[in-house]
Amino acid sequence: MVSAAGLPESVVSFVDAEQVTAMGHFVDDGSVDVMAVTRALRSAATSLGARFVPAREVTAIEQRGSRVVVDTGPGGRYAADDVVLAGGVWGGRR
């Protein structure tokens, strides 16, 4: 069993240490500032011509020749050579 002592509160709050029978520590693991990395990736993509269209529900996707057309409802139709749909954990319909 593992003791909760010494574990970060962010872990203790959702992990029942009494239920853990094994764990690993990887000294080469690291972390990043996710917001800073996301901003940097967005900036780089935008500088190369990418366009971000946030908070839109995709209602249809169709291929027209070598292009993709994405419909996001009234007034939202986008055509491109490449499309990335990144709904994340909030992408599911409820």
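Residues numbered from 1 in each chain as written. Predicted model: local features only at pLDDT ≥ 70, side-chain atom pairs only at ≥ 80, totals over all residues. Heavy atoms only, no water.

Thoughts on the sheet that holds strand 3 (residues 77–80)
The three strands are arranged 1-2-3 in an open sheet whose pairing can be described as antiparallel. Each edge of the sheet is formed by a strand with only one pairing partner; in this case those strands are strand 1 (60–64) and strand 3. In this sheet, adjacent strand axes meet at a mean angle of 20 degrees when their direction is disregarded. Both strand 2 (residues 67–71) and strand 3 contribute to a ladder of four bridges, which runs antiparallel. (Pairing = 2+ DSSP bridges. Helix = DSSP H or I, 4+ residues; strand = E, 2+ residues; numbered from the N terminus. Axes fitted to C-alpha atoms, helices over the stretch in contact; angles between N-to-C directions.)

With respect to the pairing of strand 2
Most of strand 2 sits out of view: four of its five residues are buried. Here five bridges tie strand 1 to strand 2, and the two strands are oriented antiparallel to one another. Of the residues in strand 2, the one forming a bridge with Gln63 is Val68. Here strand 1 folds back onto strand 2, and the loop between the two strands holds two residues, one of which, Gly65, carries a positive phi near 65 degrees. In this antiparallel pair of consecutive strands, strand 2 and strand 3, the connection spans five residues, and Gly73 shows a positive phi of 95 degrees. (Buried < 20%, exposed > 50% of the residue type's maximum accessible area, 1.4 Å probe, protein only.)

Re the packing of aromatic side chains
Inspection of the entire model under this criterion finds zero aromatic pairs. Here the guanidinium or amino end of Arg42 rests over the ring plane of Phe52, the centre of that ring lying 4.4 Å away. (Phe/Tyr/Trp six-rings, centres within 6.5 Å; stacked < 30°, edge-to-face > 60°. Lys NZ or Arg CZ within 6 Å of the ring centre and 35° of its normal.)

Section: unusual backbone geometry
At Ala55, a residue that is not glycine, the phi angle is positive and equals roughly 55 degrees. With respect to the secondary-structure elements, Ala55 resides in the loop between helix 2 (34–47) and strand 1.

Looking at a nonpolar patch on the surface
On the surface, Val32, Val34, Val37 and Leu41 cluster together into a nonpolar patch covering about 370 Å² of accessible area. Mapped onto the fold, Val37 is located in helix 2. For Val37, a relative accessible area of 36% translates into the label partly exposed. (Patch = residues over 30% accessible without salt bridge, like charges linked within 9 Å, V, L, I, M, F, W, Y side chains within 5 Å. Areas by Shrake-Rupley, 256 points an atom, 1.4 Å probe, with all protein chains shown as cover. Salt bridge = Lys/Arg side-chain N within 4 Å of Asp/Glu carboxyl O.)

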